[in-house]
Amino acid sequence: MLKTFHQYSLALELLRRHARISIIHRETGLPRQLLRKTYRELHGRSPRPGALKYSTHGLTRNIKKYKEVTLFAVCFQTVESNSSESDIRKIVIAFDSYKKSLPSSDLDFSSAWVIAKDLRSRQIRLARCLKCKAALLLNARERDSERCEICKTSL
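Treat the numbers as computed from the prediction; the structure is a model and nothing was measured.

Undergrad: Explain the overall build of the protein to me, please; I cannot follow it from the model alone.
TA: A count of helices and strands for the protein gives 6 helices and 2 strands. The linear arrangement of helices and strands in the protein, starting from the amino end, is α-α-α-α-α-α-β-β. In terms of C-alpha radius of gyration, the protein reaches 17 Å, essentially the compact-globule figure of 15 Å for 155 residues. Principal-axis analysis of the C-alpha atoms gives the protein an extent of 55 × 30 × 25 Å. For the protein, the proportion of its 155 residues judged to be buried stands at 41%. If you take every contact in the protein between residues at least 6 apart in sequence, the share linking residues at least 24 apart comes to 50%.

Undergrad: Looking at this structure, I do not really get the pattern of salt bridges. What am I missing?
TA: Two side chains bearing opposite charge may form a pair once their charged atoms approach each other closely. Applying the stated rule across the entire model yields 10 salt bridges. Measuring nitrogen to oxygen at the nearest pair gives 2.1 Å for the salt bridge that ties R89 to E13. Placement of the pair is R89 in helix α5 (residues 87–101) and E13 in helix α1 (residues 2–16), with a sequence separation of 76 residues. For D87, the salt bridge is made with R120, and the minimal N-O distance between the two is 3.8 Å. With D87 in helix α5 and R120 in helix α6 (residues 109–120), the pair connects residues that are 33 residues apart, well separated along the chain. For D87, a relative accessible area of 43% gives the class partly exposed.

Undergrad: Can you help me understand the confidence of the model for the protein in this one?
TA: Where the model shows low pLDDT, its predicted coordinates should not be examined in detail. Across the protein, the average pLDDT comes to 90, with 96% of residues at or above 70. Per-residue pLDDT, averaged within each element of the protein, yields its smallest value for α1 (89) and its largest for α5 (96).

Undergrad: Before we go on, may I ask you to explain the nonpolar core in this structure?
TA: Nonpolar side chains in soluble globular proteins generally cluster together in the buried interior. F72, F109, I115 and L137 are the most contacted members of the largest nonpolar core, which totals 43 residues. Going through the elements one at a time, α1, α2 (21–28), α3 (32–43), α4 (63–82), α5, α6 and β2 (135–138) are the ones with two or more residues in this core. Not counting chain neighbours up to four residues away, the residues in contact with I115 comprise T56, L59, V69, F72, A73, L107 and I124.

Undergrad: What should I look at first to understand the pairing of β2 in this one?
TA: Consecutive side chains of a regular strand alternate in pointing toward one face of the sheet and then the other. One ladder, built from 4 bridges, connects strand β1 (residues 125–128) with β2; its direction is antiparallel. Along β2, the bridge assignment pairs A127 with L136. Where β1 folds back onto β2 in an antiparallel hairpin, the turn is made up of 6 residues, including K133, whose phi is positive at roughly 70°.

About the thresholds
- Residues numbered from 1 in each chain as written.
- Predicted model: local features only at pLDDT ≥ 70, side-chain atom pairs only at ≥ 80, totals over all residues.
- Heavy atoms only, no water.
- Helix = DSSP H or I, 4+ residues; strand = E, 2+ residues; numbered from the N terminus.
- Rg over C-alpha atoms; globule rule 2.2 N^0.38 Å.
- Buried < 20%, exposed > 50% of the residue type's maximum accessible area, 1.4 Å probe, protein only.
- Contact = heavy atoms within 4.5 Å.
- Salt bridge = Lys/Arg side-chain N within 4 Å of Asp/Glu carboxyl O.
- pLDDT = per-residue confidence, 0-100.
- Core = buried A, V, L, I, M, F, W, Y, C linked by side-chain atoms within 4.5 Å.
- Pairing = 2+ DSSP bridges.

Here's what the structure looks like:
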């Protein structure tokens with residue numbers, strides 16, 4: 001009974017953040033139909049259709065998006081190293097902190113989940129520019145050379 005309460009509670013938290021149904025189902029194990037119905041009841045519309053981007057590469061197509069993704073990665077890494085919460089709760093905490101820092105951002109929760117997944121699997125990683133100390137997200141873009149987007153120093 002307690003596990004079910006936690007599953008529903010988590011599902012509601014994720015639904016409030018407009019997470020993709022596939023993510024909520026994966027994280028809670030609750031039926032997709034129930035999650036879709038609850039989404040419609042909460043938001044007055046059906047959840048967005050379409051595939052979830054499964055790589056950070058698709059989220060960093062321009063400089064503005066790259067910087068937003070990098071900021072979320074910094075928030076997530078901070079939570080990851082300072083919290084003993086479950087993996088999904090760490091993403092929720094980092095996403096909420098990120099949105100407080102940059103409320104105008106278009107980065108959604110589902111994208112944040114993908115970024116966190118890529119950071120955990122080390123497909124991407126955070127580093128610091130040796131010259132200006134800005135945060136850099138390595139391997140996040142489909143290009144051969146990495147450089148700092150602040151001071152333009154090549155790495």
